[in-house]
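# Observations on the three-dimensional arrangement
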Amino acid sequence: MKPKANTIYKGDCIEIMRTWGDDCIDHCIVDPPYNMSKKKGLGWSFSSHVTMNEKWDIFSRKGYLQFTKSWLSEVCRVVKPNGNIFVFGSFHNIYDLGYLINEMDLKILNSIVWFKPNAQPNITCRMFTESTEHAIWACNAPKKKATGWVFNYDVAKKLNGGKQMRNMWSIPYPSAKERRFGKHPSQKAINVILRAILLLTNPGELILDCFAGTGTTGVVAQNFGRKWVMIDNNHEYIKIAKARLRNVKIPLPRELTSTEKINEM
């Protein structure tokens, strides 16, 4: 069975992907659980606010590695050979992700650092303020056979003022406007996903996000001529994603002209 394009599937992503045939997706952009939450959450040193207590983000060490290997294996099966796999993480899980991706013999093309100049202060006041998230960009092929992956180099240069784009992206944390239909604790900024989609996919291709959250991947994809399919098991997040898909319009970055829009879309 092939996934239906421009559809949000509700349920367990591993079980749903197992119903799909091989090589049915062009690329995957995904923001999985980071396994950073605590059963009782984490309190702020200077307020009564408690955070980091999402049940879906709590695993044992062994359980998290097994879970990650399972969904990554399904992603590699359903994504076409040499398709792009772009996986987000934090320092809590990015090393586990990198280890497993290497164990699967995928070619890692780059690591990306997302620097958030408006990051929240450190809530414990016992360490540096965490101001970055990370992503691993891999090609869905063995290291020695990977070839022909999508990288829209010219678009990257135009978005970066005519210079080669570096792997450190300084982009603010999602604004209140981006979260007006509802919030997700690890929601990605539209401009972060926009770069991933414009640079690592082509118009008309099908992009998978198997941990959809509030749907940023689908929102950006449909605004820029890509097809999408998303999975999430949380009814409230899916509700927010559907509202965003109906209402959010993203303008073409000013660095790209209307003529280029025709060519790129």
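Structure: see above.
Everything in this summary refers to the structure shown in the same document. Keep in mind that what you see is a predicted model, and the values were worked out from it rather than measured.

Where helix α5 (residues 190–200) meets helix α6 (residues 216–223), the axes come as close as 9 Å, and the angle between the chain directions of the two elements is 55°. On the basis of their axis angle, the class for α5 and α6 is oblique. As α5 runs across α6, the sense of the crossing is right-handed. Contacts between α5 and α6 involve Ile190, Ile193, Leu194 and Ile197 from the first element and Thr216, Thr217, Val220 and Ala221 from the second.

Our focus in this paragraph is the environment of Thr7. Topologically, Thr7 is positioned in strand β1 (residues 7–10). Between the C-alpha atom of Thr7 and that of Gly218, which follows or precedes it by 211 residues, the distance is 9.1 Å. Those residues within four positions of Thr7 in sequence are excluded, and the remaining contacts are Trp228, Val229 and Met230. Separated by 3.1 Å, the side chain of Thr7 and the backbone oxygen of Lys4 make a polar contact. Within the structure, Thr7 has its side chain in polar contact with the backbone oxygen of Ala5 (distance 3.2 Å).

What follows covers the state of the cysteines. Inspection of every chain in the model, using the stated rule, returns zero disulfides. Here Cys28 stays free of any disulfide, with the sulfur of Cys210 as its closest cysteine sulfur at 4.7 Å.

Counting residues in hydrophobic clusters, the biggest one holds 43 residues, and the most contacted among them are Ile29, Phe86, Phe88, Val220 and Ile250. Where this core is concerned, the elements lending two or more residues are β5 (84–89), β6 (106–115), β7 (132–142), α4 (153–159), α5, α6, β10 (227–232) and α7 (235–247). Element by element, the count of residues in this core is highest for α5, at nine residues. Setting aside its immediate chain neighbours within four residues, Phe88 contacts Ile29, Val30, Asp31, Pro32, Tyr34, Asn93, Leu97, His134, Ala135, Lys188, Val192 and Ile193. Counting 32 residues, the second largest nonpolar core, distinct from the first, contains Cys24, Phe67, Val79 and Leu208.

Within β10, five of the six residues are buried, leaving the element largely enclosed by the surrounding structure. Of the pairings in the sheet, the one linking β1 to β10 comprises four bridges and is parallel in character. Paired with Thr7 across the bridge in β10 is Val229. Note: strand β9 (residues 206–209) against β10, four bridges, orientation parallel. Across the sheet, residue Asp209 finds its bridge partner in β10, namely Met230. The parallel pair β9 and β10 is bridged by α6, and the resulting crossover is right-handed.

In this section: the pattern of salt bridges. According to the stated counting rule, one finds six salt bridges in the structure shown. Arg77 is the partner of Asp22 in a salt bridge, and the nearest nitrogen-oxygen pair spans 2.8 Å. Taken together, the positions of Asp22 in the loop between α1 (13–17) and β2 (27–30) and Arg77 in helix α2 (residues 61–78) put the pair 55 residues apart, joining distant regions of the chain. Judged by relative accessible area, which is 24%, Arg77 ranks as partly exposed. A salt bridge links Glu133 to Lys188, with the shortest nitrogen-to-oxygen separation between them at 3.0 Å. Of this pair, Glu133 sits in strand β7 while Lys188 sits in the loop between β8 (168–170) and α5, and the two are 55 residues apart along the sequence. This pair shows no difference in class: Glu133 is buried, exactly as Lys188 is. Within the structure, one salt-bridge network assembled from shared partners comprises Asp31, Lys116, Glu133 and Lys188.

Rules of the game
- Residues numbered from 1 in each chain as written.
- Predicted model: local features only at pLDDT ≥ 70, side-chain atom pairs only at ≥ 80, totals over all residues.
- Heavy atoms only, no water.
- Axes fitted to C-alpha atoms, helices over the stretch in contact; angles between N-to-C directions.
- Helix = DSSP H or I, 4+ residues; strand = E, 2+ residues; numbered from the N terminus.
- Parallel < 35°, antiparallel > 145°, perpendicular 65-115°, else oblique.
- Left-handed = near helix turned anticlockwise from the far one by under 90°.
- Contact = heavy atoms within 4.5 Å.
- Polar contact = N/O pair within 3.5 Å; in protein donor to acceptor, adjacent residues only side chain to side chain.
- Disulfide = S-S within 2.5 Å.
- Core = buried A, V, L, I, M, F, W, Y, C linked by side-chain atoms within 4.5 Å.
- Buried < 20%, exposed > 50% of the residue type's maximum accessible area, 1.4 Å probe, protein only.
- Pairing = 2+ DSSP bridges.
- Right-handed = clockwise from strand over helix to strand, strands pointing away.
- Salt bridge = Lys/Arg side-chain N within 4 Å of Asp/Glu carboxyl O.

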